[in-house]
Amino acid sequence: MKKIREIIRLLAIFIRHLSLTRLYGMDISSKARISFGAKLDKTYPAGIHIDEDSYVASGAIIFSHDFSRNIKANTYIGKRCFIGANAIIMPGVKIGDEVVVGAGTMVTKSVPSHTIVVGNPGHIIKEGIHTGRFGRLIEVE
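Residues numbered from 1 in each chain as written. Predicted model: local features only at pLDDT ≥ 70, side-chain atom pairs only at ≥ 80, totals over all residues. Heavy atoms only, no water.

Caption draft 1: Layout of the overall build of the protein. Along the backbone of the protein there are 1 helix and 18 strands. The C-alpha atoms of the protein give a radius of gyration of 15 Å, which matches the 14 Å a tight globule of 141 residues would have. Seen along its three principal axes, the alpha-carbon backbone of the protein occupies a region of about 45 × 45 × 20 Å. Long-range pairs, those at least 24 residues apart, make up 27% of the contacts in the protein between residues at least 6 apart in sequence. When the accessible surface of the protein is summed, it comes to about 8,200 Å², and 57% of that surface belongs to carbon and sulfur atoms. In the protein, the 19 positive side-chain charges and the 12 negative ones have mean positions that sit 8 Å from each other. (Helix = DSSP H or I, 4+ residues; strand = E, 2+ residues; numbered from the N terminus. Rg over C-alpha atoms; globule rule 2.2 N^0.38 Å. Contact = heavy atoms within 4.5 Å. Areas by Shrake-Rupley, 256 points an atom, 1.4 Å probe, with all protein chains shown as cover. Lys, Arg positive; Asp, Glu negative; His and termini not counted. Charge placed at Lys NZ, Arg CZ, Asp CG, Glu CD.)

In structure tokens:
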């Protein structure tokens, strides 16, 4: 039963990725994982770019447009990033490689690689970090 569940889960992930990339035209690596509860902007879907081994958790929102200012902008998430639950990434933001965005963080400005960002608005609390697949922190001594 456990093996069947895993196969169904992987199939569902594949179908979701296919719909986001083929149907909506988002640029999402096949090695990235997007939670089913995450919301990716479908108003300007071509502006969503997510690199390999990154994970977007449930409730996270990634925008690529701002209706009030009539802006459509590319939003980038680098390699091996973790976007926490209920985080909000605003349009035009570039998140570097190996970045952890804490749960509930509102990211309004671009974030350099190898950092942890938390708060509203998001601010860097730690630099020089390294992450593995899906943004898991690697402890460096």
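Continuing now.
Caption draft 2: Spatial organisation of the environment of G59. Secondary-structure assignment places G59 in the loop between strand 5 (55-56) and strand 6 (61-62). A residue is classified by how much of its surface remains accessible, and G59, at 16% relative accessible area, is buried. In this structure the C-alpha to C-alpha distance between G59 and A12, which are 47 residues apart in sequence, comes to 18 Å. (Buried < 20%, exposed > 50% of the residue type's maximum accessible area, 1.4 Å probe, protein only.)

Caption draft 3: Local environment of a nonpolar patch on the surface. Judged by side-chain polarity, L11, F14, I15 and L18 come together as a nonpolar surface patch covering roughly 390 Å² of accessible area. Within the element layout of this structure, F14 appears in helix 1 (residues 2-23). (Patch = residues over 30% accessible without salt bridge, like charges linked within 9 Å, V, L, I, M, F, W, Y side chains within 5 Å. Salt bridge = Lys/Arg side-chain N within 4 Å of Asp/Glu carboxyl O.)

Caption draft 4: Seen up close, the pattern of salt bridges. Inspection of every chain in the model, using the stated rule, returns 4 salt bridges. In this structure, E6 and R9 form a salt bridge, with 2.9 Å as the shortest nitrogen-oxygen distance. Taken together, the residues span about one helical turn, with E6 and R9 both in helix 1 at a distance of 3 residues. Where R69 meets D66, a salt bridge forms, and the shortest distance between an N and an O atom there is 2.7 Å. On the basis of relative accessibility, which here comes to 55%, the residue R69 falls in the exposed class. Looking at D66, the relative accessible area reads 14%, which means it is buried.

Caption draft 5: Molecular detail of the side chain of S35. With respect to the helices and strands, the residue S35 is situated in the loop between strand 2 (33-34) and strand 3 (39-40). Overall, S35 belongs to the buried group, its relative accessible area being 14%. For S35, the side chain forms a polar contact with the main-chain nitrogen of S58, separated by 3.4 Å. Sequence-distant contacts of S35, defined by excluding residues within four places in its chain, comprise R16, Y55, V56, A57 and S58. (Polar contact = N/O pair within 3.5 Å; in protein donor to acceptor, adjacent residues only side chain to side chain.)

Caption draft 6: Summary view of the pairing of strand 16 (residues 123-127). Bridge analysis of strand 15 (residues 115-118) against strand 16 gives 4 bridges, and the strand direction is antiparallel. Directly across from T115, in strand 16, lies its bridge partner E127. Between the end of strand 15 and the start of strand 16, which pair antiparallel, lie 4 residues, with G119 showing a positive phi angle near 100°. (Pairing = 2+ DSSP bridges.)

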